[in-house]
Amino acid sequence: MENINEFIPVAIGILFFVAVWIIIRRLLKSISDRINNAELYREDTLNVLEEIRDELKELNKNNSLK
């Protein structure tokens, strides 16, 4: 019984560090996902703006020919 009581604090310490490690890992993954989503949103926005620019150039070209 004394032998088991000696290992309880060690086991609790190990569980605590594992729990902290899991929490930190999830937080970093969440931050990474947000950064990646922001970059994808930025790329999509740039693509849409480029398409609008190209359409405006075409419209301007067609209007100048008339």
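Residues numbered from 1 in each chain as written. Predicted model: local features only at pLDDT ≥ 70, side-chain atom pairs only at ≥ 80, totals over all residues. Heavy atoms only, no water.

You'll find the chain entered in an unreviewed UniProt entry as DUF4083 domain-containing protein, with Flavobacterium flavipigmentatum given as the organism.

Q: Please provide a residue-by-residue account of the packing of aromatic side chains, values included.
A: Here the structure, examined in full by the defined rule, presents one aromatic pair. With a centroid separation of 5.7 Å and 65° between ring planes, the pair formed by phenylalanine 16 and phenylalanine 17 is classed as edge-to-face. You'll find phenylalanine 16 and phenylalanine 17 in the same group, each marked exposed. (Phe/Tyr/Trp six-rings, centres within 6.5 Å; stacked < 30°, edge-to-face > 60°. Buried < 20%, exposed > 50% of the residue type's maximum accessible area, 1.4 Å probe, protein only.)

Q: An account of a nonpolar patch on the surface is needed here, citing residue identities and associated values.
A: There is a patch of nonpolar side chains on the surface, built from Phe16, Phe17, Val20, Ile24, Leu28, Ile31 and Ile35 and spanning about 700 Å² of accessible area. Within the element layout of this structure, isoleucine 31 appears in helix 1 (residues 2–65). (Patch = residues over 30% accessible without salt bridge, like charges linked within 9 Å, V, L, I, M, F, W, Y side chains within 5 Å. Areas by Shrake-Rupley, 256 points an atom, 1.4 Å probe, with all protein chains shown as cover. Salt bridge = Lys/Arg side-chain N within 4 Å of Asp/Glu carboxyl O. Helix = DSSP H or I, 4+ residues; strand = E, 2+ residues; numbered from the N terminus.)

Q: So what about the UniProt feature "transmembrane region" (unreviewed entry) in the chain? Which residues, and what values?
A: Here, UniProt's "transmembrane region" (unreviewed entry) annotation points to residues 6–24. When the span residues 6–24 is considered, its composition is 100% helix and 0% strand, and the gap between its end C-alpha atoms is 29 Å. (UniProt positions renumbered as here; feature names shortened; annotations may be inferred.)

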